[in-house]
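Architecture and fold: a report
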Amino acid sequence: MDQRLLNGVIKFKEEYFNKHKEIFMDLAHKQAPHTLYIGCSDSRIVPDVIAHTSPGELFVVRNIANMVPPYEANRYTYKCTASVIEYAVEFLRVKNIIVCGHSNCGGCKALYYPQEKLDQLPNVKEWLKLGEDVKNRVLAKNLSPAEREFQTEQLNVLQQIDNLLTYPFIKKKVKNKEIEIHGWYYIIENGDVFDYNFQ
């Protein structure tokens, strides 16, 4: 194991944990997060840092390109992300759901790779099928590569929000104002976070 990881664990215990010991004692036997965060697995994205939250506030699921499988698709596959969503909303009763996309997203770029390039990554190839609608909408426009990347990343956030609303229990809670959905777009190089305006 990389010594930096072991040193990090020691530093966590000696510094961060000891400074916040009361929080961890409160969290030892229960959790009550207020927000489900759906984000990308990209190593540059750190949800608690971006949202400036403490342990216990966010219930997090991360995957390639922060995608949400539509409700009907979960009968056959994509069980992991769907089960996290179900648990957070139905059992933990979170009050917010954030779908957070970001700049320079490798998953969104991969939507445009030749299929043979993805043949050696069959699970990734299958997962990226969830982004086909976004890809087709963007390809219908005459965009430069940079514009295509930017629009894909942002439209992808909106598509995943639409997918969330295919879950009957989420649609009901949104209608009853028991839960709010937010679409975020994070720009890595300058730290800006844009919150989608539904108006």
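Look above for the structure.
Residues numbered from 1 in each chain as written. Predicted model: local features only at pLDDT ≥ 70, side-chain atom pairs only at ≥ 80, totals over all residues. Heavy atoms only, no water.

1. Concerning the side chain of Gln159
Note the cut-off: By definition, any uninterrupted DSSP run of H or I lasting at least four residues is a helix, any uninterrupted run of E lasting at least two residues is a strand, and each is numbered from the N terminus. Relative accessible area decides the class of each residue, using a 1.4 Å probe on protein chains only: under 20% of the type maximum gives buried, over 50% gives exposed, and in between gives partly exposed. Distance and chemistry together define a polar contact, namely a pair of N or O atoms within 3.5 Å, with one atom able to donate a hydrogen and the other to accept it when in protein, and with adjacent residues in sequence counting only for side-chain atoms on both sides. Here a residue-residue contact requires only that any non-hydrogen atoms of the pair lie within 4.5 Å.
Note on placement: Gln159 falls in helix α9 (residues 145-164). For Gln159, a relative accessible area of 12% corresponds to the buried category. Within polar-contact distance, the side chain of Gln159 engages the side chain of Arg137 at 3.3 Å. If near-sequence neighbours (up to four positions away) are discounted, Gln159 is found in contact with Asp133, Val134 and Arg137.

2. Thoughts on the pairing of strand β1 (residues 35-40)
For clarity, the cut-off: At least two bridges found by DSSP between two strands is the condition for calling them paired.
Judged by how many residues are buried, β1 sits mostly within the fold: six of six residues are covered. The sheet contact formed by β1 and strand β2 (residues 58-63) spans six bridges and is parallel. For Leu36, the partnering residue across the bridge sits in β2 and is Phe59.

3. Topic: the packing of aromatic side chains
What counts is decided by this rule: Aromatic rings from Phe, Tyr and Trp, with only the six-membered ring used for Trp, were paired whenever their centres fell within 6.5 Å, and each pair was classed as stacked if the ring planes differed by under 30 degrees, edge-to-face if by over 60, and tilted otherwise. For a ring to carry a charge above it, either NZ of a lysine or CZ of an arginine must fall within 6 Å of the ring centroid while also lying within 35 degrees of the normal to the ring plane.
Applying the stated criterion across every chain yields a total of twelve aromatic pairs. A centroid spacing of 6.1 Å and a plane angle of 20 degrees characterise the contact between Phe12 and Tyr16, whose relative ring orientation is stacked. Remark: Tyr16 and Phe12 occur in helix α1 (residues 3-19); sequence separation between them is four residues, near one turn of the helix. Here Phe12 and Phe17 contribute two aromatic rings whose centre-to-centre distance is 6.1 Å and whose plane-to-plane angle is 65 degrees, an arrangement assigned as edge-to-face. Judged by its relative accessible area of 37%, Phe12 falls in the partly exposed class. Through successive ring pairs, a cluster of aromatic residues spans Phe12, Tyr16, Phe17 and Phe24. Just above the ring of Tyr113 sits the side chain of Lys117; from NZ or CZ to the centre is 4.1 Å.

4. Quick notes on the packing of helix α8 (residues 132-139) against α9
To keep things clear, this is the line we draw: Axis angles are defined between N-to-C directions and span 0 to 180 degrees, where every axis is a line fitted to C-alpha atoms and, for a helix, only to the segment in contact. Any angle that falls under 35 degrees is termed roughly parallel, while one over 145 is termed roughly antiparallel, one within 65 to 115 roughly perpendicular, and all others oblique. Crossing chirality is assigned from the near helix's rotation relative to the far helix, an anticlockwise turn below a right angle marking it left-handed and a clockwise turn marking it right-handed. Any residue that is not Ala, Val, Leu, Ile, Met, Phe, Trp, Tyr, Cys, Pro, Asp, Glu, Lys or Arg is counted as polar, Gly included; the first ten are nonpolar and the last four charged.
The contact between α8 and α9 brings their axes to 9 Å, and the two run at 135 degrees. Considered as vectors, α8 and α9 are oriented oblique to each other. Between α8 and α9 lies a crossing whose hand is right-handed. Residue-level contacts link Asp133, Val134, Arg137 and Val138 of α8 to Arg148, Gln151, Thr152, Leu155, Asn156 and Gln159 of α9. Of the residues assigned to the contact of α8 with α9, the class counts are three nonpolar, four polar and three charged.

5. A short note on a nonpolar patch on the surface
How we decide: Exposure above 30% relative accessible area and the absence of a salt bridge qualify a residue for a patch, where like charges join within 9 Å and nonpolar side chains (Val, Leu, Ile, Met, Phe, Trp, Tyr) within 5 Å. Method for areas: the Shrake-Rupley scheme with a 1.4 Å probe, in which residue coverage is limited to the protein chains shown. The rule for a salt bridge is simple: a side-chain nitrogen of Lys or Arg has to be within 4 Å of a carboxyl oxygen of Asp or Glu.
Together, Met1, Leu5 and Leu6 make up a nonpolar patch on the protein surface, roughly 350 Å² of accessible area in all. Inspection of the secondary structure assignment puts Leu5 in helix α1. Looking at Leu5, the relative accessible area reads 53%, which means it is exposed.

6. A look at α9
Going by this rule: Expected helix span is computed as 1.5 Å times (number of residues minus one).
Taking 1.5 Å of rise per residue, 20 residues should cover 28 Å, and α9 covers 28 Å from first to last C-alpha, within 8% of that figure. Here α9 has its buried residues at Thr152, Glu153, Leu155, Asn156, Val157, Gln159, Gln160, Ile161, Asn163 and Leu164.

7. Side note on the pattern of salt bridges
Enumeration over the complete set of coordinates arrives at five salt bridges. Of the charged contacts in the structure, one is a salt bridge between Asp42 and Arg44, with a shortest N-O distance of 2.6 Å. Classification of Asp42 by relative accessible area gives buried; the value is 15%. Salt-bridge contacts for Lys125 lead to Asp119; the nearest nitrogen and oxygen are separated by 2.5 Å. The class for Lys125 is partly exposed, based on a relative accessible area of 24%. With a relative accessible area of 44%, Asp119 lands in the partly exposed category.

8. Description of the side chain of Thr152
The topology assignment puts Thr152 in helix α9. Judged by its relative accessible area of 1%, Thr152 is buried. Among the polar contacts made by the side chain of Thr152, one reaches the side chain of Tyr112 at a distance of 2.7 Å. Contacts of Thr152, omitting those with residues within four sequence positions, involve Cys108, Leu111, Tyr112, Val134 and Val138.

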